[in-house]
Amino acid sequence: MVIAIAIRTTDNTQDRGRDRGPLFDCVGRDELIQAKRVIFVCLGNICRSPTAHGIFRDKAAQAGLDVVIDSAGTGDWHIGSPPDTRATHAAQARGYDLSDLRARQFTASDFDQFDLILAMDRANMRAIEALRPAKSMTPVLLFRELLGQPDSDVPDPYFDGSFDHVLDLIEEGADALLARMN
């Protein structure tokens, strides 16, 4: 399967010596992404990544896109827990149901299970890359790269309560991902 995405890194340690090749250096923001298995990753898997999971799941279904969608956290604090009630209520107010989602921890095997890994922020991107198996070429992208903002994080609403702002970013990013997958 060919996955056409743009990855721009400013920290060479993220590459861990891998040759990403010209595909990752020159593909534009509007290039097609041919991924059929996508995972969204944040810290605890109770706010940002389950919100992205639920939103993209709904949008992909409405578009008739056949894609496997999941979410995970780099930390293990909330394994088995539902999304934060504030995230659930904010999503529900916009018509998204997150009630069936449960937190799980991202593992190295996710590199084999998914075609595209979307990190919600740079710290989690580093944690994901630290788990990368030696021969894995699965792309890890910052979520806001989909919005042409490769050095920007999706803020963590757990502490500041910015759930509506995060929903805005995730809806926009999900639309951009969907447009690039169709």
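Residues numbered from 1 in each chain as written. Predicted model: local features only at pLDDT ≥ 70, side-chain atom pairs only at ≥ 80, totals over all residues. Heavy atoms only, no water.

A. Summary view of the overall build of the protein chain. In terms of helices and strands, the protein chain carries seven helices and four strands. Of the regular secondary structure in the protein chain, the N- to C-terminal order runs α-β-α-β-α-α-β-α-β-α-α. Here the protein chain holds 182 residues, and the buried ones make up 52% of them. Within the protein chain, contacts between residues at least 6 apart in sequence are counted, and of these 73% link residues at least 24 apart. Total accessible area computed for the protein chain in this model is approximately 8300 Å², and 50% of it derives from carbon and sulfur atoms. (Helix = DSSP H or I, 4+ residues; strand = E, 2+ residues; numbered from the N terminus. Buried < 20%, exposed > 50% of the residue type's maximum accessible area, 1.4 Å probe, protein only. Contact = heavy atoms within 4.5 Å. Areas by Shrake-Rupley, 256 points an atom, 1.4 Å probe, with all protein chains shown as cover.)

B. How the structure looks around helix H5 (residues 122-130). Where H5 is concerned, the buried positions are Asn124, Met125, Ile128 and Glu129. Considered in projection along H5, the buried side chains sweep an arc of 140 degrees and stay on one side of the axis. Where H5 is buried, its residues contact strand S1 (37-42), helix H2 (48-62), helix H4 (110-113), strand S3 (116-119) and strand S4 (140-142). With a side-chain oxygen lying 3.1 Å from the backbone nitrogen of alanine 123, the N-terminal cap of H5 falls on aspartate 121. (Arc of directions from axis to C-beta. Polar contact = N/O pair within 3.5 Å; in protein donor to acceptor, adjacent residues only side chain to side chain.)

C. Up close: the layout of surface pockets. In this structure, the largest pocket occupies an estimated 160 Å³ of space. Taken together, Cys42, Leu43, Gly44, Asn45, Ile46, Cys47, Arg48, Trp77, His78, Asp156, Tyr158 and Phe159 make up the lining of the largest pocket. (1 Å grid on protein atoms, 1.4 Å probe; cavity = no way out; pocket = protein on both sides within 12 Å on 5 of 7 lines; lining within 4 Å. Points joined across faces, edges and corners; volume = space filled by probe spheres on them.)

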